Amino acid sequence: MKQKQENNDFLIEAKNVVKIFNKGMPNEVVALSDINLQIRKGEALTIMGPSGSGKTTLLNCISGIDDATRGEIWIARQNLQKMSDNKKTKYRSQKMGFIFQSFNLIPVLNALENVELPLLLNGYKPKEARKKAKLMLDKVGLSERYYHKPNELSGGQKQRVTIARALVHSPEVIWADEPTGNLDRKTAFEIFDLMVKLNHELGVTLVVVTHDQEIAEKTDRIIYMESGKIKNFDKI
Amino acid sequence: MVSTIIFIIFGFIIFTLFSLSLLNPIPRKVGVRNVRRRIGNTALVVLGSMVGTALICGALVMSDSLDATFLKIVKNRVGEVDANAQVFANQNYFEKFLTQSEVDEISNKLQQTGQVDGFLPAIYLQVSPQKIRMNIDGSTIDNFFGVDFYGIDFEQLKNFGSSSIQVNNFKNQNGIVISKEYSEKMDLRVGDEVRVILGNKPLILKVEYISDEKGVMGGEKIFADIYYVAQNLNFNSPKYNYFFISHVGGVIPDDYDAINFSNILSSIFNEFTTQDRVMIVDEIKQEALDGYGLKIFVTMFIALSMFGILAGILLIINLYMMLASERKFEMGILRAIALTKRKLALSFVIEGAIYSLISSFVGVIVGVGIGYLITYFLQSSFQGILKSTNSLDLEIVFDFDLESLVIAFCVGSIITILTTLFVSLRISNFSIVSAIRDLSEEKAKKINLKWILGTLGIFLLTINFLTLFIFTFFIENFKDSFFQGLNEQEVQRYTEVFQGYSFYLGLTGALIFGAILLGRITWLIFKKDMLSFYYTLSLITLIVVTVMMPEISYLTKLLKYEEAVGLIFISGVNLVVASAIITSFNLVAITKLIKIIFSPASKLIPVFMMGLRYPSFNRSRTGFTLLMFSLVIFLISFISIEKASVDSLADNEVSKNLGGYELVIVPNTITRELFEGIEDLIIDIEKTENVIGVEKVINMNIEFPNIKYKDLENKPYFGNPNQAPIFKPEDNFSTKINVVSREYINLLDLNFLEFKETFQNESEVWDALFGNKDYVVLGTAFNSQGYGPMPNFKVGDKIKISDLTNTKIVEKEVIGILEPNTVQRGFTVLEYLIIPENTVIEDFGLDTVYESSDAQILVDINNEVSEEVKKTLKEKLSNYNIVAFFDVNDLSESFLSFIKSLYRLTQGFLAFSLIVGASGLAIIITRSVNERKQQIGMLRSLGFQKQMILLMFFIESTFIATIAIILGVAMGVIGTVTIFNSVGEENPNLSIIVPWGEIIFIAILIYLFSMLFALLPSIKASKLSPVEATNYVE
C-alpha cells in the first residue's frame, strides 16, 4: 500500500531494472544494469548517451515492448512485469504511442489509414476514426497528404504521420526513439517543437531517446546513460 | 542426342558462371555469403526451387521403370523370338497352310540372309481348353478363355535361336507342354487332362511337362506334337500356318534394326502370298521393347508435369522477387558504392546458381521417391485388371538410369539458373536513391532509343499475329500450293489444323501485344497509363473467345485431330493466365467488394484491412502466386471432370450397346457343321433355367468391289492386332455385316447420327430396314476412331457390296448412320453394316453366309442367380466347340477400373504439383513474415494482439488461396466444358458431367492443405515481439 502511494506521484517507475542479452552465452551483453528511474505524468524526458549505452533498450523495457531480465517496472500503478501479453498489448493500444527513428509506417496503408489504425484498434467506428485521424493530420500539417502512401512522402512528412498516429488516440505517454534521427536539422526542430507543443497542450508524458543535445534541451529533464547505467540527471 | 545437348548447355552455363565468379570477387563474395546468411531462408528457397527438378526426375524415373518393365517382358515373353509370320485367309483356312516344301524353301532363303539363327514352323490355333480333373463331385470345367495352341516339332524347338530349351521326351502322343504361367492360371498339374476342340474334333490332351522356360515358351501357351496335331486336322503331312523367327544374336541383338529385319522377312514371305492367302510378318521384339503403347503414360506424365514445372518456375520468380525486395536497401548501397548493374545481377545469379545446384540435387532425390510411388501405384492398378481381361500380365519394375538422374539434375538446374538470370536482370534495374531511401520506383517512361525500338518490336509482333489470324480465312485459297505433295485428305487435315492454330494463336498474340501497343500509344499522346485497362479488356476478350470455342468452326475442326493437344494446353493456360492477370490488376476492387460483403466487427476492421491490403499492394507477387496455384488446381479440376464424364459414358455405353445382355459366348464357326450347330446350342441355352433371353449375332465378311484401300484415309486401328484388317492398297475395302433381330435392336436404345429425311423417327428407320431389302444402316465404326481405314458415307449414298469371292454383288441405300462409339471398340455389337438375317441370306445365299461368317451368342440371365447360371452354362458348353465365354460386366468393370485408376493416378501425380502451390504459399508467407518483421513489431506496439497477427496472416493466405481455388476451379470447369462441347460436335454421345461434390471436396482439401502449410509461418509471425519494430534486432 505504501509502495502504491509512493508510485502515485509517478506515471512510470523503474526499479533495479537489468537487461541482459544472450544470457549465459559467450556473447552475453549486459545492456542495462540496475536502472532506477521515475517519470512524472506530463513530463517531457530525454534519454541521452553514446551509441550502445542502452538508451533504446531502456525505452523498450520501460515501455513494455521488451521484457527486462530483472527488476520492476510500474506504469500507472500497474506492475508491467506481471501483466499478461494481451493485457500489456491492450494497455499499449489505449495508453501509449510510439515514434521510431525509421518511422515504421505501414507501407500498404496511406497516411490517413496509418493514423486511424490505433483508433480502430480501440473500437472507434470507422467514420469517427476517419474524422479524428483527419483532424490529427491537419494538426501536424499534412492536410494535403491524406491519401499518400508512405513511400510517396518525404522523411519529415513520414515522421509527422508517425506523430499523428502516436497521438491520435490521446495516449498518456509517447515513447520516441530517435524521432529526428532521419531528418534534416530544420525539419528535426520543427518536428520536435511539434512534439513538445503537443506535450504541453495535451499533457501527454513524453519520453525521448536522442543524441541531439539541442533537441534534448527542449524537454523538462535529461538523463545521461553510459554502459547500461544512468550516469547523471540534468534539469531536474 | 538430346541428353548431349543438355549436358553441353549445363556445362556451358556452369563454366561461364564459374569463370565470371572467379573474375568478379565482390559479386562472388556477396552471392556466396548471402547463401550462408540465413540458413532457414536458404532452405526455403531450395525447397521452392526443387519442385521442377523433382517433377522432371519423377517422370524420367517412371520412363526408366517402364523400360525395365518392358525389357523384362521381352525377356520372359518374347525371348529369342524377334518376329513371327502368319498365314491369313478368309475362307477354307486349313487348306491355305504352307506345305513342307514351301517351308523348306522359306528356311533356305532365311538362312541365305545371314540374319536368322532360328526358324520354327508351327501350326497355330486359338483353343479354349477345358480342364478335366476327376474330383469327388465328378468332372469340373473351368475356364473358357482362348489360349495360344501350337503344334511344333520339339526337336526343332530345343535348338531354336542361340539358347537351348529344355523339354523332356514325351511318354504319350497326346502329351502337351504348357507354360508355367498357364498352369498356374488354370491350376493344371502334370498328369491333368484338358479337352480341346481342333477344327470340329474334340481331343483329350494330357499335361506331360510344365515349362518354366521364357521366350518362345513364355506366356500362356500350349505346345503339342505337330504330327499329332496335323493328324487330327486330317492333314496327310504336316502343314504350317505360323513361324517363329529369331535374329542372330541374343535376346536383344546389339545391332538390331527392326525395320530392316522386318522388310527382309516381308520380302521373303510375300513371295508365298497368293490370291486367297496373305502372309503377314509381325516384328514383335521392337514392339515389345516399345512397351505395347503403354509408354503413352510417360508422355502423359511429362505433359502434365509441364503445368507443375510452370508453377515451379513462377514460384522461383516470386521467391527471387521477394528476396530482391527484402534486400532492396543493401542492394542500393552496393550499387551506390561499388557494383554495376551487371555485377549486382551476377551476385544474384551466383547466389541463385548455388540454390539451383542444391535444390536440383534435392529434387532428384524427391523425384526418385515420386517415381517409386507412382510405379508402386501403377503396379497395384494394373494387377488384377490385366489378369481379369486375360491380356498382358504386367509386373511393373522400379528402376532408374544414372543418366536420367543426371539429365533431371541438369535440366532442373538450367531452368532455375535461367529463371534467376531473368529475375536478376530485372531487379538490378532499380533506382539507387529509391532503394536506399525506400521510395517508390520512378515509373515515368522516357522516350529514348530503347523505348522506340521496344515499341517498334511490339508493333511488328502485333502485325505478325494479326496477319496470322487473318490468314486463317484465306488459307483455303492457297492450301494446294501450301501443302504440296500430300493427298487430298492430308491437305484437308493440315489445312484444318493450320486454320485452328492460326485463328487461336493469331488472336491471342494480337490481343496481348495489341494491348501493350495501345498502352504505349495512349501514354505517348495523352500521358495516361491505361495499360491495366487495355490488358483487362483484351484478356476478357481472350477468355470469351476461348469459351466460345464450340461455336468457332475453325477450332472445333482442329479438335478432331491428334494435333489438338497443343490447342487444349494453350487454351487451358490462356484461361488461367488471363483470369489471374485480370484478378491481380483488379485486386483493389476485389478487396473493396470483400469489405462490403464481410463487414467485420469493428475491432477486427484493422485486422481485415491489413490482411487484405498486403496482397493487393504486392500485385505482381500476388499475381504470380495466384497463377502458380490456379494452374495446378485448373488441371486437377480438368482431370476430375474428364474422369467423371468418361466413367459415366463408359457405364452407359456398355449397358446400351449390349442391351442389358451380360454373357457373350463365341462359338467356333470355322466349319459349316460347327456353324449349323449354333442353333442347337442356342436351343440348349434357352432351355437353361434363369436364362431370360438369347440373341444370335452373325458377322459376315464382305467387301466393297468399288472401293480400294488405297482410296481411303489411313486411320489407326486400336483393337487386337491379331484381328487388325489385313489389306494391300490394291485390295477392295472389306468389312462385315452385323446381323441381329429387330427385337434385339429395340433393346439397344441406339441413336442415329443422321437418318433419311423421309422417316419421322428412329423407329421408322429400323422398320424400313427390316421391311426393305435394299436398305442398310451403318454402324458405329463408320464415324468412330480406331477401326482402321473406313470410307465416309452419307445418308442416301448407294453402296455396292459383295461376298469375298465377288460372286454376288448387291446394292444398298444408306438410310441411317449410328452415333459413334465413344468408349472403346469391343463393347458394341452393331459396328459395321446392319442388315437383317433374311435379307443377307436372300442376297448371298446360305452357303456363302456360312462360309464367310462368325457368330456370337448373347445371353441375358437373371442377375440374382448369375453365378449359378454361369456354372450351369459352362457345364453345358463343354459339349460344344466354344472359343470364348465371358461376362461383359467383368470386362467392363475391369475396363472401367483401369480407366479410373489411370485418372486417379494422374490426380495423384498432380497432387504433387499441388504441393508446389501449397508450399509455395507457405514459402511466400514465411518470407513475408521475414520481410515484414519490423512492421509486425510496429503493429504489436500499436496494440495488435498475437491472435490478431495470426488472424491477419490467416486472412491474407485465405484471400490468396480462395481466389486461386475459385479461379482454378472456375477456369477448370469452363475450360473442360468448352473443350468437351467442342469435341462434342463430333461425339454427340459425350455428355459432360461436372462432379461438383468431388470438386468441392478437392477444393476444401486444397484450402485446408494450404492453410496447414501457411499456419507455421503465421504462428511464427504472431510470436514476434513488438521490439522488432525498433532497430537493434536485425
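Position numbers for residues count from 1 along each chain, tracking the sequence in the order it is written. Each chain takes a letter, starting from A, and each ligand takes a number, starting from 1, following the order in which they are written. Where totals are concerned, whole chains, interfaces and linings use all residues; where local detail is concerned, this predicted model gives features only for residues with pLDDT of at least 70, and gives and counts side-chain atom pairs only at 80 or more.

Some words on the overall build of chain B
Okay, so step 1: Secondary structure elements are defined from DSSP: runs of H or I of at least 4 residues count as helices, runs of E of at least 2 residues count as strands, and each element is numbered from the N terminus. Within chain B, the secondary structure is distributed over 33 helices and 22 strands.
Okay, so step 2: Three exposure classes are used, based on other C-beta atoms lying within 10 Å of a residue's own C-beta, which is placed from the backbone: buried for 20 or more, exposed for 12 or fewer, and partly exposed in between. Evaluated residue by residue, chain B yields a buried proportion of 42% over its 1034 residues.

So, the overall build of chain A
Okay, so step 1: Counting secondary structure elements, chain A contains eight helices and 10 strands.
Okay, so step 2: A burial count over chain A gives 49% of its 236 residues as buried.
Okay, so step 3: Across chain A, contacts joining residues at least 24 apart in sequence account for 68% of those joining residues at least 6 apart. Each residue is represented by a C-beta atom placed from its backbone, and any two residues with such atoms within 7 Å are regarded as in contact.

A closer look at the environment of Ile683(B)
Okay, so step 1: Mapping Ile683(B) onto the fold places it in helix α24 (residues 672-687).
Okay, so step 2: Along the chain, Ile683(B) and Val694(B) lie 11 residues apart, while their C-alpha atoms are 9.0 Å from each other.

A look at the interface of chain A and chain B
Okay, so step 1: Counting residues at the interface gives 28 residues for chain A, matched by 26 residues for chain B.
Okay, so step 2: Contributions of two or more residues to the side of chain A that touches chain B are made by α2 (55-63), α3 (85-95), β6 (96-100) and α4 (111-121) of chain A.
Okay, so step 3: Among the elements that line the side of chain A that touches chain B, the one with the most residues is α3(A), at six residues.
Okay, so step 4: Residue polarity is assigned by list, with Asp, Glu, Lys and Arg as charged and Ala, Val, Leu, Ile, Met, Phe, Trp, Tyr, Cys and Pro as nonpolar; anything else, Gly included, falls into the polar class. Looking at the side of chain A that touches chain B residue by residue, the class counts come to 11 nonpolar, 10 polar and seven charged.

Some remarks on the sheet that holds strand β1 (residues 10-21) of chain A
Residue and element names in this part refer to chain A.
Okay, so step 1: Spatially, the four strands line up as an open sheet ordered β2-β1-β4-β5, and their pairing is antiparallel. Single-partner strands in this sheet number two, and they are β2 (29-40) and β5 (78-79).
Okay, so step 2: Strand pairing requires that DSSP identify at least two bridges connecting the strands. Relative to strand β4 (residues 70-75), β1 runs antiparallel, the two sharing five bridges. By the bridge assignment, Lys15 is partnered in β4 with Glu72.

Overview of the packing of helix α4 (residues 100-113) of chain B against helix α8 (residues 258-270) of chain B
Residues and elements named next belong to chain B.
Okay, so step 1: The angle between two axes is taken between their N-to-C directions and runs from 0 to 180 degrees, where each axis is a line fitted to C-alpha atoms and a helix contributes only its stretch in contact. Contact geometry of α4 with α8 gives a least axis separation of 10 Å together with a crossing angle of 150°. It follows that α4 is roughly antiparallel to α8 by the angle criterion. Crossing of α4 against α8: the hand is right-handed. Counting all contacts with α4, which are made through Ile106, Lys109, Leu110 and Thr113, the residues of α8 involved are Ile264, Ile268 and Phe269. Orientation labels follow simple angle bins: below 35 degrees gives roughly parallel, above 145 gives roughly antiparallel, 65 to 115 gives roughly perpendicular, and whatever is left gives oblique. Should the near helix be turned counterclockwise from the far one by less than a right angle, the crossing is left-handed, whereas a clockwise turn marks it as right-handed.

What about the pairing of strand β1 (residues 83-88) of chain B?
Residues and elements named next belong to chain B.
Okay, so step 1: Only one face of β1 is buried: it carries Ala83, Ala85 and Val87, and the other face, with Asn84, Gln86 and Phe88, is open.
Okay, so step 2: Sheet topology places β1 next to strand β12 (residues 278-283); six bridges connect them, and they run antiparallel. Pairing of Ala85 across the sheet is with Val281, part of β12.

Brief notes about the confidence of the model for chain A
Okay, so step 1: Confidence of the predictor at the level of single residues is captured by pLDDT, which takes values from 0 to 100. For chain A, per-residue confidence averages 85 on the pLDDT scale, and 94% of positions sit at 70 or higher.
Okay, so step 2: Here residues 1-7 of chain A is a poorly scored stretch, pLDDT under 50, and it has four contacts once near neighbours within four places are set aside; other chains count.

Looking at the environment of Ala855(B)
All names here are of chain B.
Okay, so step 1: Mapped onto the secondary structure, Ala855 falls in strand β21 (residues 853-861).
Okay, so step 2: For the pair formed by Ala855 and Lys696, sequence separation is 159 residues and the distance between their alpha carbons is 7.1 Å.
Okay, so step 3: The residues touching Ala855, leaving out its near neighbours within four places in the chain, are Pro667, Thr669, Ile678, Lys696, Val697, Ile698 and Asn699.

Description of the nonpolar core
Residue and element names in this part refer to chain B.
Okay, so step 1: Structurally, a nonpolar core is described as a collection of buried Ala, Val, Leu, Ile, Met, Phe, Trp, Tyr and Cys residues joined by way of C-beta atoms within 7 Å. Grouped together as the largest cluster of nonpolar side chains are 270 residues, with contacts concentrated most on Ala122, Leu631 and Leu921.
Okay, so step 2: Here this core takes 19 residues from helix α3 (residues 39-78), the largest share from any one element.
Okay, so step 3: If we skip the residues at most four places from it in the chain, Leu921 touches Thr625, Phe629, Ser957, Ile960, Ala961, Ser1010, Phe1013 and Ala1014.
Okay, so step 4: Membership of the second largest hydrophobic core comes to 52 residues, among which are Leu663, Val765, Tyr787 and Val859.

Concerning helix α2 (residues 25-37) of chain B
Residue and element names in this part refer to chain B.
Okay, so step 1: To estimate how far a helix should reach, multiply one less than its number of residues by 1.5 Å. In this model, α2 (13 residues) spans 18 Å end to end at C-alpha, consistent with the 18 Å of a helix rising 1.5 Å per residue.
Okay, so step 2: Where α2 is concerned, the buried positions are Pro27, Arg28, Val30, Gly31 and Asn34. End-on, the buried residues of α2 take up no more than an arc of 170°, which puts them together on one face. Of the exposed residues in α2, the ones pointing more than 90 degrees away from its buried face are Pro25, Arg33, Arg36 and Arg37. The arc in question is formed by the directions pointing from the helix axis toward the C-beta atoms.

Description of the pairing of strand β7 (residues 175-179) of chain B
All names here are of chain B.
Okay, so step 1: Extensive coverage of β7 is indicated by the burial of five of its five residues.
Okay, so step 2: Of the two faces of β7, both are covered, the one formed by Gly175, Val177 and Ser179 as well as the one formed by Ile176 and Ile178.
Okay, so step 3: In this sheet, strand β10 (residues 221-225) lies alongside β7 in antiparallel orientation, the contact comprising three bridges. Across the sheet, Ile178 pairs through a bridge with Ile222, a residue of β10.

Here's the deal with the confidence of the model for chain B
Residue and element names in this part refer to chain B.
Okay, so step 1: Predicted confidence across chain B gives a mean pLDDT of 80, with 83% of residues reaching 70 or more.
Okay, so step 2: Mean pLDDT values over the elements of chain B span from 34, in strand β5 (residues 138-139), up to 93, in strand β17 (residues 775-778).
Okay, so step 3: Note on residues 719-724: pLDDT is under 50 here. Beyond four places in sequence and across chains, it has six contacts.
Okay, so step 4: Confidence drops under pLDDT 50 across residues 822-826; counting only partners more than four residues distant or on other chains, this segment forms 14 contacts.
Okay, so step 5: This prediction of the complex comes with two scores: 0.70 for pTM and 0.84 for ipTM.

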